[in-house]
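Residue strings, one per chain:
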Amino acid sequence: MEKIKPHVAVEEEHWKTEHKLNASRIQRLNQVYTAVAQTNRIARHTKHAGELFDAVCRIAVEHGGMKMAWVGMNRPGSGRIDVIACHGTHLDYLDDLAVSVRSDVPEGLGPTGTALREGRAVLLQDFAVNPATQPWQARALQSGNWQASAAFPILRNGAPYAVLTLYHDEKNAFNELIVSLLNVMADDMGFALDAIDAEAERQTMLRELRNSEERYRLLLDLVPDQIWIAGPDGHLDYANQRALDYFGYSLEEMQGYGWQNIVHPDDFAGVLTTLSESLQTGKNFKGEYRIRHHSGEYRWCSARAHPVFDDDGHIKKWYGITTDITERKQAEERQRLTARIFDSTLEGIIVTDAACHIIEVNDAFIEITGYMREDVIGKTPRVWKSDHHRPEFYQAMWQAINTTGHWSGEIWNRRKDGMVYPEWITISAITDDNGKVSHYFGISSDITLLKQHEKQLEFMAHYDALTGIPNRVLLVDRMQLALARTRRENNLLAVCYLDLDGFKPVNDTWGHDVGDMVLIEIANRLSHSLRGGDTVARLGGDEFVILLLGIENADECYNSLNRLVSVIAQSIVLQGQLYTFTASIGVTLYPHDNEDPETLLRHADQAMYQAKKLGKNRYHIFDPTEDVLFKTHHDKISTIAQGLLDQQFELFYQPKVALAESRIVGAEALIRWRHPERGLLPPHDFLPLIENTELDIQVGEWVINTVLMQIERWRQEGLSLEISVNISANHLQSPGFVAKLQQKLALYPDLPPRQLQIEILETAALSDIAAVLGIIEACAAIGISFALDDFGTGYSSLAYLRRLPFNTLKIDKSFVRDMLINSDDRAIVQGVIALAATFNRVTVAEGVEIQALLSTLRDMGCDIAQGYGIAHPMPASDFVPWCRNFRI
């Protein structure tokens, strides 16, 4: 093999070395490129200088091929450069590293101090031997053994701020291209610092702007008015908190909201006109109008707005201030209302100063007093003083005003024409802010008519409106005085309770007007027949009370009472005819009857009822024994009334049998009382107690209602019978009897009226045949039949039988019971049956106690029989089963 020539080998070796160096340079260049790129990215996003310096030092070492990198800054006032960021190997080299920015000390001649001081890049390609690094060479030899170093100033706002110092382990590591790249990296750091400063300045400005805006908003919110900004169309862009509170909206709701939406419809046209004038003239808008709160309530405001125009003369903004004047408007309205009240009230009003000099009066005062305004202004109210009151009256009045601030009362004053009149006046003291009286205010009303009305009311309260004589109220007062006088004079007082006999038909027949004429005439007669000290009073209706005072003995009382009975019995002309009335009078004598006024009246009332029972047209003196009986009777009636309320009464039914056909044709309803203590009571134990009372009518109504209900129930069960009920004469003649009966029947439209039969005692029918006849005929007209009960016991039966439209005659059981052994009774029964046949009446024999009577009665021609011999009265629940099993 041919040997290589020596010079060729040398060249080849040189080429390899050069190639290796080029590869190393390219690698370092790529590393620096990478570092620059990374630094650029970091610089564009970093927010803090310390974060930037730490990142660049790390990039220079990890990506730029440097062994160590650090950033230093001049410590103000010391000339020393301190390490503020570093990265790489042998960082202990930086511990207590002395580097200065000064040029007069060796520590300031190195690359770091020079670069920061002169603001240029400084390169040291041979760190170990360069005189500039002499202060740190020994430290470097022990630590990093740096071969090359470079320092690049970092500018901030165009001035050196910091310095980036780099160390490499190769000499001549910083060529021209790398240095230019590293200068770019230092520039990027400066750019980042400038960006940080710019952002900081921007943030500072934003903070200042926010602070300024906050102060502005705070000041606007503290302003007592509503401040707002609106666009050219009136839509709101801004409103302070006061405005938001005033309008009741949030800022978001207010923005874009137009004034047109909240102005009161009545004020809209005026606001629009004022707004147009402002736009045409460029002058400020001013107006007062009502706006609607978010709640819907309208409030008054005073608005002022300044229009701002652009260069073309077009409206750009409205800057406005609105003030709430609702209270002012309300105060003005109150003032106007007060003025209207002052001028239009019917009460007289005067206003004086603290010295009582009149400063104002209203029209009503002039109308009441007759004094004109000029007559009284500047004078005191003593002008119309009436001298009706004593000085003590006015002293007490002013003492009340000075003590309480006001006084109200009745006072008599004098009109301008001299007439004295009563008025009700209220005087009030008006004080200033210091509590000192500044004015007096008086309101007065003429109460002349009221006084007259009081007299009328007083008369009405004590006197009967119809007759003009004392009423119960005045009677009680008179009785108290009469009792005291009687005790003092040691004589007698007669308390007389008077009730007209048969007065009720007067109202029913001729009407209440005629009845009133009778009462007036009776009152006049009684008044004229009494002595001066006596009293006659009307309690109501046709009841009067008479007080006879100063009676010395019973004979004197009897004479007075006989005179009263005689006076009342005198004829009265009614409707062109003469009529005579009588009276029943009850009398009690004090102090024989030593009771209070109410008890005396009650005793006299009881005595009056006794007079009526004794035949009317008479007087009766109260007897204490009768009072005990009356109380007992009253208690029994109350017990019966309570029993009716508690549904303790029931009806038993006694069958009636047609003798010829031997079939059931009806039943008589008989009342029973299931007393909670005494058991089942027959009617004679309680009905006589309520005779001729209102309770008698109530019980009768209950009987009719119950029987109609029972008839309807049995009819629906297939049992159709005639049921008879006993009705008292008092009930039969009660007002509206026929009408009430028709109403009851109307409740059962399918029930034939003939199935209800009314039984009435013969004695009751004959006592008032005229009245009874009309009622019976009216009932017969609607289909009701009547039976004359206990026939044969009346003294005029035959005389009136033809006139009374009875369908049935019931033979009294007193004749039927003993007719088999008593020929007289048998003859009476036979006569009644014959008489009934003559007048085409049905006969019913009561009291059939034994079977033997049935055949005898049948043979005698009696139609129907009832009694224990057929069946006892039984409850309704037992009646239908009994009928199904009936055999005669």
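Look a little higher up for the structure.
Everything quoted here is computed from the prediction, not taken from an experiment.

(A) Seen up close, the packing of aromatic side chains. In the structure shown here, the tally under the stated rule is 17 aromatic pairs. With centroids separated by 5.3 Å and ring planes inclined at 85°, the aromatic side chains of Phe 393 and Tyr 394 adopt a geometry described as edge-to-face. Its relative accessible area of 24% is what places Phe 393 among the partly exposed residues. A relative accessible area of 17% means that Tyr 394 is categorised as buried. Ring geometry for Tyr 653 and Trp 714: centres 5.0 Å apart, planes at 65°, overall edge-to-face. With Tyr 653 in strand β23 (residues 649-658) and Trp 714 in helix α20 (residues 694-716), the pair connects residues that are 61 residues apart, well separated along the chain. Here Tyr 653 matches Trp 714 in class, with each residue buried. Members of the aromatic cluster, each reached through a chain of ring pairs, are Tyr 93, Phe 127, Trp 146 and Tyr 167. Its guanidinium or amino end placed over the ring of Tyr 161, Arg 156 lies 4.6 Å from that ring's centre, counting from NZ or CZ. Over the ring of Tyr 421 we find Arg 415, and its NZ or CZ is 4.2 Å from the ring centre.

(B) Seen up close, empty space enclosed by the protein. Evaluated as defined, the whole model comprises four cavities of 30 Å³ or more. Estimated volume of the largest cavity: approximately 80 Å³. Looking at side-chain class alone, the lining of the largest cavity contains eight nonpolar, five polar and no charged residues. Reported here for the second largest cavity is a volume of approximately 50 Å³. Lining the second largest cavity are Gly 348, Ile 349, Ile 350, Phe 365, Thr 369, Trp 384, Asn 413, Tyr 421, Glu 423, Ile 425, Gly 442 and Ser 444. The set of elements that each furnish at least two residues to the lining of the second largest cavity consists of β11 (348-353), α10 (363-369), β14 (420-431) and β15 (437-446). Residue composition of the lining of the second largest cavity, by class: six nonpolar, five polar and one charged.

(C) Spotlight on the pattern of salt bridges. For the structure on display, the rule yields 34 salt bridges. Close ionic contact of Asp 104 with Arg 102 constitutes a salt bridge, the shortest N to O distance being 2.9 Å. For Asp 104, a relative accessible area of 54% gives the class exposed. What makes Arg 102 partly exposed here is its relative accessible area of 42%. Arg 525 is the partner of Glu 521 in a salt bridge, and the nearest nitrogen-oxygen pair spans 2.9 Å. Placement of the pair is Glu 521 and Arg 525 together in helix α16 (residues 512-529), with a separation of four residues, close to one helical turn. For Glu 521, a relative accessible area of 30% gives the class partly exposed. The exposure class assigned to Arg 525 is buried, which follows from its relative accessible area of 11%. A single salt-bridge network, built from bridges that share partners, covers Lys 656, Glu 668, Glu 759, Lys 810 and Glu 846.

(D) Region of interest: the side chain of His 168. If you trace the backbone, His 168 turns up in strand β5 (residues 159-168). In this structure the side chain of His 168 is engaged in a polar contact, spanning 3.2 Å, whose partner is the backbone nitrogen of Glu 170. In this view, His 168 contacts Arg 28, Gly 65, Met 66, Lys 67, Trp 146, Gln 147, Ala 148, Ala 173 and Phe 174; residues no more than four positions away in its chain are not counted.

(E) Expanded view of the layout of surface pockets. Space inside the second largest pocket adds up to approximately 440 Å³. Around the second largest pocket sit 21 residues that line it, and Pro 381, Arg 382, Met 397, Trp 398 and Ile 427 are the ones nearest its centre. Contributing elements (two or more residues each) for the lining of the second largest pocket: β11, α12 (391-404), β13 (406-414), β14 and β15. The residue makeup of the lining of the second largest pocket, split by class, is 14 nonpolar, four polar and three charged.

(F) Seen up close, the sheet that holds β14. Pairing is antiparallel across the open sheet formed by five strands, whose spatial order is β12-β11-β15-β14-β13. With partners counted over all chains shown, the strands left at the sheet margins are β12 (358-361) and β13, one partner each. The sheet shows a mean angle of 25° between the axes of neighbouring strands, direction not considered. Packed onto the sheet, α12 meets β13, β14 and β15 and runs at close to 150° relative to β13.

(G) A look at the sheet that holds β5. With antiparallel pairing, five strands are arranged side by side in an open sheet as β2-β1-β5-β4-β3. One side of each edge strand has no neighbouring strand; the edge strands of this open sheet are β2 (81-88) and β3 (122-124). The mean inter-strand angle of the sheet, taken between neighbouring strand axes irrespective of direction, is 20°. Where β3 meets strand β4 (residues 148-156), three bridges bridge the pair, whose relative direction is antiparallel. Paired with Leu 124 across the bridge in β4 is Ser 149. In the packing of helix α2 (residues 49-62) onto the sheet, contacts are made with β1 (68-74), β2, β4 and β5, and the angle to β2 comes to roughly 45°. Packed onto the sheet, helix α3 (residues 111-118) meets β1, β2, β3, β4 and β5 and runs at close to 155° relative to β5.

(H) Fine view of the nonpolar core. Counting 76 residues, the largest nonpolar core has Tyr 653, Val 707, Phe 737 and Leu 857 as the members making the most contacts within it. Considering every element that reaches this core, the biggest residue donor is α20, with eight residues. For Phe 737, the contacting residues outside a window of four places in its chain are Ile 704, Ile 727, His 731, Leu 732, Ile 758, Ile 775 and Cys 779. Formed by 36 residues, the second largest nonpolar core is a distinct cluster that contains Val 36, Ala 60, Met 73 and Met 189.

(I) Geometry of a nonpolar patch on the surface. There is a patch of nonpolar side chains on the surface, built from Leu 457, Phe 459 and Met 460 and spanning about 300 Å² of accessible area. By the element assignment, Phe 459 lies in helix α13 (residues 448-462). In this structure Phe 459 comes out as partly exposed when scored by relative accessible area, which is 39%.

(J) Just helix α22 (residues 737-746), in detail. Along α22, the positions that sit buried rather than exposed are Phe 737, Val 738, Leu 741, Lys 744 and Leu 745. Projected onto a plane normal to the axis of α22, the buried residues spread over an arc of 120° and lie on a single side. Counted as exposed and oriented over 90 degrees from the buried face of α22: Gln 743 and Ala 746.

(K) Quick peek at the packing of α20 against α22. The N-to-C vectors of α20 and α22 enclose an angle of 25°; their axes lie 11 Å apart at closest approach. Taken together, α20 and α22 sit at an angle that is classed as roughly parallel. Where α20 crosses over α22, the two elements pack in a sense that is right-handed. Packed against α20, whose contacting residues are Glu 701, Ile 704, Asn 705 and Leu 708, the element α22 presents Phe 737, Lys 740, Leu 741, Lys 744 and Leu 745 at the interface. Broken down by class, the residue content of the contact of α20 with α22 amounts to five nonpolar, one polar and three charged.

(L) Highlighting the pairing of strand β24 (residues 663-675). The buried count for β24 comes to ten of 13 residues, which makes it a mostly enclosed element. Between β23 and β24, which follow one another and run antiparallel, lie four residues, and Ser 662 among them has a positive phi close to 55°. Where β24 and strand β26 (residues 722-726) come together, three bridges link them in parallel fashion. Paired with Ala 667 across the bridge in β26 is Ile 723. In terms of strand pairing, β24 meets strand β25 (residues 679-681) through three bridges, oriented antiparallel. Among the inter-strand pairings, His 675 is bridged to a residue of β25, identified as Gly 679. The hairpin turn running from β24 into β25, its antiparallel successor, is three residues long.

Definitions and cut-offs
Residues numbered from 1 in each chain as written. Predicted model: local features only at pLDDT ≥ 70, side-chain atom pairs only at ≥ 80, totals over all residues. Heavy atoms only, no water. Phe/Tyr/Trp six-rings, centres within 6.5 Å; stacked < 30°, edge-to-face > 60°. Buried < 20%, exposed > 50% of the residue type's maximum accessible area, 1.4 Å probe, protein only. Helix = DSSP H or I, 4+ residues; strand = E, 2+ residues; numbered from the N terminus. Lys NZ or Arg CZ within 6 Å of the ring centre and 35° of its normal. 1 Å grid on protein atoms, 1.4 Å probe; cavity = no way out; pocket = protein on both sides within 12 Å on 5 of 7 lines; lining within 4 Å. Points joined across faces, edges and corners; volume = space filled by probe spheres on them. Nonpolar A, V, L, I, M, F, W, Y, C, P; charged D, E, K, R; others polar. Salt bridge = Lys/Arg side-chain N within 4 Å of Asp/Glu carboxyl O. Polar contact = N/O pair within 3.5 Å; in protein donor to acceptor, adjacent residues only side chain to side chain. Contact = heavy atoms within 4.5 Å. Pairing = 2+ DSSP bridges. Axes fitted to C-alpha atoms, helices over the stretch in contact; angles between N-to-C directions. Core = buried A, V, L, I, M, F, W, Y, C linked by side-chain atoms within 4.5 Å. Patch = residues over 30% accessible without salt bridge, like charges linked within 9 Å, V, L, I, M, F, W, Y side chains within 5 Å. Areas by Shrake-Rupley, 256 points an atom, 1.4 Å probe, with all protein chains shown as cover. Arc of directions from axis to C-beta. Parallel < 35°, antiparallel > 145°, perpendicular 65-115°, else oblique. Left-handed = near helix turned anticlockwise from the far one by under 90°.

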